Amino acid sequence: MAQVNLQNVNKIYRSGRTEVHAVQDLNLEINNGEFVALLGPSGCGKTSTLRMIVGLEEISSGDINFNGKRVNELEPQHRNVAMAFETYALYPNFTIEENLAFPLEVRGVPEDERRRKARDIAEILKLTSILDQRPGALSGGQQQRVSLGRALIRDPSVFILDEVMSHIDAHLKFQMLFDLKAIHRDLGKTMVYVTHDQVEALALADRVAVMSNAKLQQVGTRNELYNAPANVFVADFIGEPPTNFFQAEVSDNGGGLALKTKDGALVFHLTEHRAGKIRALGGRDFIVGIRPQNLRLKDSEGKSSAHTGSDVHDITASILINEYLGERSILTFANGDTKFRALVPPETRAAPGEAVTLGYRPEDVMVFDAQTEALID
Ligand SMILES: Nc1ncnc2c1ncn2[C@@H]1O[C@H](COP(=O)(O)OP(=O)(O)OP(=O)(O)O)[C@@H](O)[C@H]1O
Ligand SMILES: [Mg+2]
């Protein structure tokens, strides 16, 4: 068991005169037994971070501590961290049992103990019935489980998984997400799961650390990331379809402070609390964000179907596209130069060109500083 703490960690790759600052001033605390996902687009520094935790990559500056003890100079084999990758790298001529037991054989563990541990791990990973087979006879998902088992059999204090599901089809992925969650529950290990897929990260992790451009953007639970994204990047990256953004400016015409889109097409009313903050900041530019789920179609009596409470405001917009996606539909609107989307019930019959009224609640309007892109909460 281990608590992992990263303090001002930097990774700079140097070759000749070129420098890549792959991880910048990363501060992250992973609690004992916690399941944390590292989420971010390709090249943002996820693997570099993991490799420094494992000990495969030198730390350019900063400290990594396990249970309060600095491990910067500790060799990988003394850190007791196991890492599983996307590629399974199983030995084709070994049986599944031999593959599972191999890390113990390398360590000189006696055969009967190796067998017992391989069988225990196989039980957890539901591989018992195929222990005598060879990797070639297994499905991709089974091979991935063997690969996880081989990492787990060493009984690591920290278990790290780097993009282990990238090449697994959607159906099997769902099962594996479920299995991984159960493994974490059963073993209670500190786990770090790296992915660029928000669905995986949000489904698995206790907390998600969102990275972009070598920097940590926010660490939080699903709800924190969804309801109070620290900045425009997180608001855009978390949630599907992505948040709608509008360049906006303050409009204060007696009826209280609101934000008006730059093209003048839409006006967003704010909560008292947020209006106060914006008033205090002075007449600067802002970015308004609203999730497609929070723009609800109004019916012919003017009631917004799913919104409750009285403080619902309207915007009117004309439909550009109506995409039917089975269990839901996405309407894309164009108002002047501004395009945005709303998630609506699948039976919605509205056609392109039609103007409809959408309801939103001021508490669902997110506001960001146009310069720093930070949330004004
Ligand atoms: N050994 C290396 N030498 C030079 N640059 C590197 C090296 N390894 C990674 N980089 C660079 O560091 C940055 C971060 O890479 P990293 O592999 O950590 O990203 P990642 O988030 O894991 O991306 P992906 O999702 O594509 O796996 C990238 O710009 C990458 O090109
Ligand atoms: Mg990577």
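Along every chain, residues carry numbers that run from 1 in the direction the sequence is written. All chains are assigned letters beginning at A, and all ligands numbers beginning at 1, according to the order in which they are written. Given that the model is predicted, a residue must reach a pLDDT of at least 70 before its local features are reported, and side-chain atom pairs must reach 80 or more before they are shown or counted; all residues, however, enter totals for whole chains, interfaces and linings. Think of the side-chain values as coming from all heavy atoms in the structure, minus any hydrogens and water.

Undergrad: I keep staring at the nonpolar core and nothing clicks. Help me out?
TA: Nonpolar side chains in soluble globular proteins tend to end up buried together. What we call a nonpolar core is a set of buried Ala, Val, Leu, Ile, Met, Phe, Trp, Tyr and Cys residues that are connected through their side-chain atoms within 4.5 Å. Throughout this description, buried means an accessible area under 20% of the type-specific maximum (1.4 Å probe, protein chains only), exposed means over 50%, and partly exposed covers the range between. Ranked by internal contacts, the top residues of the largest apolar core, which has 45 residues, are Leu161, Leu180 and Val208. Apart from the residues lying within four places of it in its own chain, the contact partners of Leu161 are Leu50, Ala84, Leu148, Leu180, Met191, Val192, Tyr193 and Val194. Here a residue-residue contact requires only that any non-hydrogen atoms of the pair lie within 4.5 Å.

Undergrad: Looking at this structure, I do not really get the site of ligand 1. What am I missing?
TA: Consider each residue's heavy atoms; a residue with any of them within 4 Å of a molecule or strand counts as near. What surrounds ligand 1 is the set Tyr13, Val20, Ala22, Pro41, Ser42, Gly43, Cys44, Gly45, Lys46, Thr47, Ser48 and Glu163. The definition of a polar contact used here is a pair of N or O atoms within 3.5 Å, where within protein one atom must be able to donate a hydrogen and the other to accept one, and adjacent residues in sequence count solely through side-chain atom pairs. Here a nitrogen atom of ligand 1 and a side-chain polar atom of Tyr13 are 3.5 Å apart. Between ligand 1 and Gly43 there is a distance of 2.7 Å, counted from an oxygen atom to a backbone nitrogen or oxygen. Working definition of accessibility: Shrake-Rupley area with a 1.4 Å probe, residue cover restricted to the visible protein chains. Contact with the protein chains covers 58% of the free accessible surface of ligand 1, which is 640 Å². Working definition: helices are DSSP H or I runs of at least four residues, strands are E runs of at least two. Numbering for both runs from the N terminus. Of all the secondary structure elements, the ones that give two or more residues to the shell around ligand 1 are strand S2 (18-30) and helix H1 (46-54). Per-element tally for the shell around ligand 1: the top contributor is H1, with three residues. Grouping the amino acids of the shell around ligand 1 by side-chain chemistry returns five nonpolar, five polar and two charged. Residues are grouped as follows: nonpolar covers Ala, Val, Leu, Ile, Met, Phe, Trp, Tyr, Cys and Pro; charged covers Asp, Glu, Lys and Arg; every other residue, Gly included, is treated as polar.

Undergrad: Where do I start with helix H3 (residues 111-124) in this structure?
TA: Residue pairs spaced three or four apart in an α-helix point in one direction, given the helix's 3.6 residues per turn. For H3, spanning 14 residues, the distance from its first C-alpha to its last is 20 Å, which sits close to the expected 20 Å at 1.5 Å a residue. Every buried residue belonging to H3 is among Arg114, Ala118, Ile121 and Ala122, and all of these are buried. Along the long axis of H3, the arc covered by the buried residues comes to 100°, so they all point the same way. Across from the buried face of H3, at angles greater than 90 degrees, the exposed residues are Asp112 and Glu123. Expected helix span is taken as 1.5 Å per residue step, with the number of steps being one fewer than the number of residues. The arc in question is the one traced by the directions running from the helix axis out to the C-beta atoms.

Undergrad: It is not clear to me how the pattern of salt bridges should be interpreted in this structure. Could you clarify?
TA: If the charged atoms of two oppositely charged side chains come close together, the side chains can form a pair. Throughout this description, the term salt bridge denotes a Lys or Arg side-chain nitrogen within 4 Å of a carboxyl oxygen of Asp or Glu. Applying the stated criterion to the full structure yields 20 salt bridges. For Arg119, the salt bridge is made with Glu97, and the minimal N-O distance between the two is 2.9 Å. Pair noted here: Arg119 is in helix H3 and Glu97 is in helix H2 (residues 96-106), with a separation of 22 residues, a long-range link. Arg119 gets classed as partly exposed once you look at its relative accessible area, which sits at 37%. A salt bridge links Lys117 to Glu113; the shortest N-O distance between them is 3.3 Å. Taken together, the residues span about one helical turn, with Lys117 and Glu113 both in helix H3 at a distance of four residues. Judged by relative accessible area, Glu113 falls into the partly exposed class, the value being 26%. Several salt bridges converge on common partners, so that one network encompasses Lys11, Arg51 and Glu57.

Undergrad: Would you mind going over a negative patch on the surface with me for this structure?
TA: Patch membership is restricted to residues that have no salt bridge and whose relative accessible area is over 30%. Joining uses 9 Å for like charges and 5 Å for the nonpolar side chains Val, Leu, Ile, Met, Phe, Trp and Tyr. Counting rule for charge: Lys and Arg are taken as positive, Asp and Glu as negative, and neither His nor the chain ends is counted. Charge placement uses NZ in Lys and CZ in Arg. For Asp and Glu, CG and CD serve respectively. A grouping of Glu98, Glu105, Glu111 and Asp112 is seen on the molecular surface, where their side chains present a negatively charged patch. Mapped onto the negative patch, the elements with two or more residues apiece are H2 and H3. Inspection of the secondary structure assignment puts Glu111 in helix H3.

Undergrad: Even after reading the chapter, I still don't get the side chain of Thr243, so can you show me in this structure?
TA: Summarising the element assignment, Thr243 is placed in the loop between helix H8 (232-237) and strand S11 (244-252). Look at Thr243 and you get buried, because its relative accessible area is 6%. There is a polar contact of 2.7 Å between the side chain of Thr243 and the backbone oxygen of Ala235. Here Thr243 is in contact with Ala235, Asp236, Gly289, Ile290, Arg291, Pro292 and Met366, once residues within four sequence places are set aside.

Undergrad: Can you help me understand the pairing of strand S20 (residues 366-369) in this one?
TA: Sheet faces and side chains relate simply in a regular strand, where the side chains alternate between the two faces. Side-chain alternation along S20 places Met366 and Phe368 on one buried face and Val367 and Asp369 on a second face that is also buried. By this definition, two strands are paired if DSSP reports at least two bridges between them. By the bridge criterion, four bridges tie strand S14 (residues 285-290) to S20 in an arrangement that is antiparallel. Looking at the pairing, Val288 lines up with Val367 of S20.

Undergrad: Just checking my understanding: could you explain unusual backbone geometry for this structure?
TA: Leave glycine aside and you will find that most residues have negative phi; peptide bonds, for their part, are mostly trans. With omega at -10°, the peptide bond leading from Glu240 into Pro241 counts as cis. Despite not being glycine, Asp25 shows a phi value in the positive range, around 45°. Of note, Asp25 is situated in strand S2. What makes Asp25 partly exposed here is its relative accessible area of 47%. Even without being a glycine, Asn80 presents a positive backbone phi close to 55°. Looking at the element boundaries, Asn80 is found in the loop between strand S5 (69-70) and strand S6 (81-84).

Undergrad: It is not clear to me how the layout of surface pockets should be interpreted in this structure. Could you clarify?
TA: Take a probe with the size of a water molecule and roll it over the atoms, and the empty space left behind shows itself. Considered as a void within the structure, the largest pocket measures approximately 550 Å³ in volume. In this structure, the largest pocket is lined by 20 residues; those nearest its centre are Met83, Pro103, Arg150, Ala151 and Arg154. Secondary-structure elements contributing two or more residues to the lining of the largest pocket are S6, H2 and helix H4 (140-152). Of the residues in the lining of the largest pocket, the class split is 14 nonpolar, three polar and three charged. Think of a 1 Å grid over just the protein atoms. A cavity is a set of points where a 1.4 Å probe fits yet cannot get out, a pocket is an open set with protein on both sides within 12 Å along at least five of seven lines, and lining residues have an atom within 4 Å of a point. Grid points are joined across faces, edges and corners, and a volume is the space filled by probe spheres set on the points.

Function cannot be read off these values alone, since they describe shape.
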